[in-house]
Amino acid sequence: MYKRKLFYFGLTTAFFLFLALLSTAISSHLTRENLLQSNIAHSLLVEHEKLSSISYRLFKQLTDEIIFGQNANQAYVRKKQNLIQQSLNQIKKLEIEQRKALGISFTKGSIEDTDELVRMIDEITVEFRAVVSSKNTAPLNQQAKLKRLLEVTIDDQFREAINSAVARQTRVVAAINAKMDMLNTTIFWFAIGLGGLSIPLILYGCYWLFNQLYQPLILIANATNSIAMGHYHKPISVKLDDEFEELATSINQLALRLQQHENNAVQSRKQLELEVKQRTSELTEANLLLTKIDSRRRQFIADVSHELRTPLTIIRGEAQVTLRMKSVSVDDYNQTLNSILGQAISLSRLVDDLLLLTRAEMNQINLEVSPTKIVPLIKTEVTKWQKLNPTRSITYITQSNLNHAVVTIDAQRIQQVLAILFDNAVKYSSSEQPIEISLTITQSLVTVSIEDHGEGISAAEVDNIFERFVRFSKHNEGLGLGLPIAKAIIEAHSGTINVTSTQGQGSVFSISLPAGQP
């Protein structure tokens, strides 16, 4: 579109330039023609005046021949006659050129009058020769023929003819000059008119073209400033010329992409802030957890030190007492050795528990798994704890169709887990409260639940019950390693262990193991 406007503007300018050049060429041609005609006219005028002057001199010299004799001015006469002939030839030539240039209507009679002058000069010359040849001795003022020649032919007829030719040529010169003046005036006013018409149009065209270019540039500049200030919503909404429309489309697309990038950046920044906040919260929680773990570690070290110190003190005391005795019987030695053995077994059990937890952290618990019927294993453990607590009701509740349920487990480790759970159930409930064991099987899990009706566990303790070194607030027995060991063993079997408890009503511990094939 803008290219078309440029084309129209260039075409209009070229048209006015063509008019100016055409008028200049025409003016130049007409001026050259008029100058040529003016030169011819002036040359003719000069030649007529020259002819008049030479002719009068010739007539004077011929008159002198009459006065002073026939041979008085023969040389001068011949010279003047040659000059007159040359002038006449030149006049004839110029008149022919003038007639060709101006036309017969403008130069009517010029060539004919020249022929008349030639005839008249020849006639006057012949009459002078006749007067000289007559040898008339009468006084000159009495010679009628001479008087008639001088007064009538030369003074009247010739003078009138030559003056008429000069006047006519003078009018031609004046007409040509007037024509040139009129042409110059016409050219001048034509130039004024062309300039008065073309200059405003060209100036208006320049202003219009500049405005057509300036307006899109202003829109583009405003659009870029708008984008720089963060206003991305379609910065160029005005329809522009084809040459600028593609640029405007690119700027609008750029604005949309910048807006998308900024929105993405805002979302990313918010997401990053959220993640940082989450990570900070996690780090804070981790730090609190580490602080708690470190506190428990210190407590554990203190407890372990206490637990180790007690059996070691007993062992050392028993040995020292026995060694200080002057006479020691076999029974004394046996009693001392049994006491030392019992304390050594307790130390060994403690070390084994710590080693098991360490291996669990490193995923290095060695399991000797095999398909095992779960029901006999549970009944064996129930029977054992029933014997240890004869006054307590320990019951096993299950369906008869589950007696052949098989799981792939390390039987000794699962017995260890059941022992830990039975021990906790017995420890944290009174002797008259029952303990119930149930077995349920789904398509993929075998779940064993041990329920007691003791004092229950508080919500705060439930959240940390499977962590190491945690003991219930009202019970300080042990090191708090039983449930973490149970959890480690169950997780090593790819199972889960959970607890639900209502304070004052009891607790239910459930272990879930992947089901095997019957």
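As a reminder, the structure under discussion sits directly above these lines.
Model, not experiment: these values are computed from the prediction.

Visitor: Now, about the sheet that holds strand 4 (residues 435-441): what can you tell me, with residues and values included?
Guide: In space, the five strands of this open sheet follow the order 2-4-5-7-6, with mixed pairing throughout. Both outer strands of the open sheet, strand 2 (394-397) and strand 6 (496-502), are each paired with one neighbouring strand and no more. Neighbouring strand axes in the sheet, compared pairwise and without regard to direction, differ in orientation by 15° on average. Lying on the sheet, helix 7 (residues 374-388) is in contact with strand 2, strand 4 and strand 5 (445-452); it crosses strand 2 at an angle near 165°. On the sheet, helix 8 (residues 411-427) packs against strand 2, strand 4, strand 5, strand 6 and strand 7 (506-514) and is oriented at approximately 25° with respect to strand 5.

Visitor: Explain the environment of S87 residue by residue, including any values.
Guide: The residue S87 is located in helix 2 (residues 74-102) in this model. Classification of S87 as buried rests on a relative accessible area of 2%. Once you skip the residues sitting within four places of it in the chain, S87 turns out to touch E47 and L51.

Visitor: Go over the environment of L418, please, and point to the residues and values.
Guide: In this structure, L418 sits in helix 8. A residue is classified by how much of its surface remains accessible, and L418, at 2% relative accessible area, is buried. In this structure, the C-alpha to C-alpha distance between L418 and L377, residues 41 residues apart in sequence, is 9.5 Å. Sequence-distant contacts of L418, that is, excluding residues within four places in its chain, are made with I378, E381, V448, I450 and I511.

Visitor: For a nonpolar patch on the surface, give the residues involved together with the corresponding values.
Guide: A cluster of nonpolar side chains, contributed by F18, L22, I26 and L30, occupies part of the molecular surface with about 350 Å² of accessible area. As for its position among the elements, F18 is in helix 1 (residues 2-68). Under the relative-accessibility criterion, F18 is labelled partly exposed at 49%.

Visitor: Provide a residue-level description of the nonpolar core, including the pertinent values.
Guide: Core analysis: the largest hydrophobic core is formed by 44 residues, its most contacted members being I374, I378, F422, I437 and L439. By residue number, the principal contributor to this core is helix 8, which donates nine residues. In this structure I437 touches I378, V382, I394, T395, Y396, I397, F422, V448, S449 and I450, once residues within four positions along its chain are discounted. Judged by nonpolar contacts, the second largest core, of 22 residues, contains L62, L88, L94 and I154.

Visitor: For the pairing of strand 6, give the residues involved together with the corresponding values.
Guide: Successive residues of a regular strand alternate their side chains across the two faces of the sheet. Sheet topology places strand 6 next to strand 7; seven bridges connect them, and they run antiparallel. Bridging across to strand 7, T500 finds its partner in V508. Once strand 6 ends, the chain turns through three residues before running back antiparallel as strand 7, passing G504 with a positive phi of about 95°.

Visitor: Please set out the pattern of salt bridges residue by residue, giving values where relevant.
Guide: Scanning the model with the defined rule gives four salt bridges in all. In this structure, the salt-bridge partner of K427 is D423, at a minimum N-O distance of 3.5 Å. Of this pair, K427 and D423 both sit in helix 8, four residues apart, which is roughly one turn of the helix. Under the relative-accessibility criterion, K427 is labelled partly exposed at 33%. A salt bridge links K487 to E491, with the nearest nitrogen and oxygen atoms 4.0 Å apart. Taken together, the residues K487 and E491, both in helix 10 (residues 482-492) and four residues apart, mark about one turn of the helix. In this structure K487 comes out as partly exposed when scored by relative accessible area, which is 29%.

Visitor: Could you give me a rundown of the packing of helix 8 against helix 10, with the residues and numbers involved?
Guide: Interhelical geometry of helix 8 versus helix 10 gives an angle of 150° and a closest axis separation of 9 Å. Crossing of helix 8 over helix 10 shows left-handed handedness. On helix 10, the residues touching R413, I414, Q416, V417, I420, L421 and N424 of helix 8 are G482, L483, I485, A486, I489 and I490. A class-by-class count of the residues in the contact of helix 8 with helix 10 yields nine nonpolar, three polar and one charged.

Visitor: Mind laying out helix 7, listing which residues take part and the relevant values?
Guide: Helix length check: helix 7 (15 residues) gives 22 Å between terminal C-alpha atoms against 21 Å at 1.5 Å per residue, within 8%. Every buried residue of helix 7 is accounted for by I374, V375, L377, I378, E381, V382 and W385. The buried residues of helix 7 occupy an angular sector of 160° when the element is viewed end-on, so they sit on one face. Looking at the buried residues of helix 7, the elements they touch are strand 1 (370-373), strand 2, strand 3 (406-409), helix 8, strand 4 and strand 5.

Visitor: Could you give me a rundown of unusual backbone geometry, with the residues and numbers involved?
Guide: A positive phi angle, near 65°, is found at S494, a position not held by glycine. With respect to the element layout, S494 can be found in the loop between helix 10 and strand 6. A residue is classified by how much of its surface remains accessible, and S494, at 60% relative accessible area, is exposed.

Visitor: Go over the packing of aromatic side chains, please, and point to the residues and values.
Guide: What the rule picks out here adds up to two aromatic pairs. Aromatic side chains F188 and W189 sit 5.3 Å apart centroid to centroid with 75° between the ring planes, which places their arrangement in the edge-to-face category. Take F188: its relative accessible area is 46%, and that puts it in the partly exposed class. The class of W189 is exposed, set by a relative accessible area of 55%. Here W385 and F422 contribute two aromatic rings whose centre-to-centre distance is 6.2 Å and whose plane-to-plane angle is 20°, an arrangement assigned as stacked. Remark: F422 occurs in helix 8 and W385 occurs in helix 7; sequence separation between them is 37 residues. A residue is classified by how much of its surface remains accessible, and W385, at 11% relative accessible area, is buried. Residue class for F422 comes out buried when judged on its relative accessible area of 1%.

Definitions and limits used
- Residues numbered from 1 in each chain as written.
- Predicted model: local features only at pLDDT ≥ 70, side-chain atom pairs only at ≥ 80, totals over all residues.
- Heavy atoms only, no water.
- Pairing = 2+ DSSP bridges.
- Helix = DSSP H or I, 4+ residues; strand = E, 2+ residues; numbered from the N terminus.
- Axes fitted to C-alpha atoms, helices over the stretch in contact; angles between N-to-C directions.
- Contact = heavy atoms within 4.5 Å.
- Buried < 20%, exposed > 50% of the residue type's maximum accessible area, 1.4 Å probe, protein only.
- Patch = residues over 30% accessible without salt bridge, like charges linked within 9 Å, V, L, I, M, F, W, Y side chains within 5 Å.
- Areas by Shrake-Rupley, 256 points an atom, 1.4 Å probe, with all protein chains shown as cover.
- Salt bridge = Lys/Arg side-chain N within 4 Å of Asp/Glu carboxyl O.
- Core = buried A, V, L, I, M, F, W, Y, C linked by side-chain atoms within 4.5 Å.
- Left-handed = near helix turned anticlockwise from the far one by under 90°.
- Nonpolar A, V, L, I, M, F, W, Y, C, P; charged D, E, K, R; others polar.
- Expected span 1.5 Å × (residues − 1).
- Arc of directions from axis to C-beta.
- Phe/Tyr/Trp six-rings, centres within 6.5 Å; stacked < 30°, edge-to-face > 60°.

So yeah, pure geometry; function would need other evidence.
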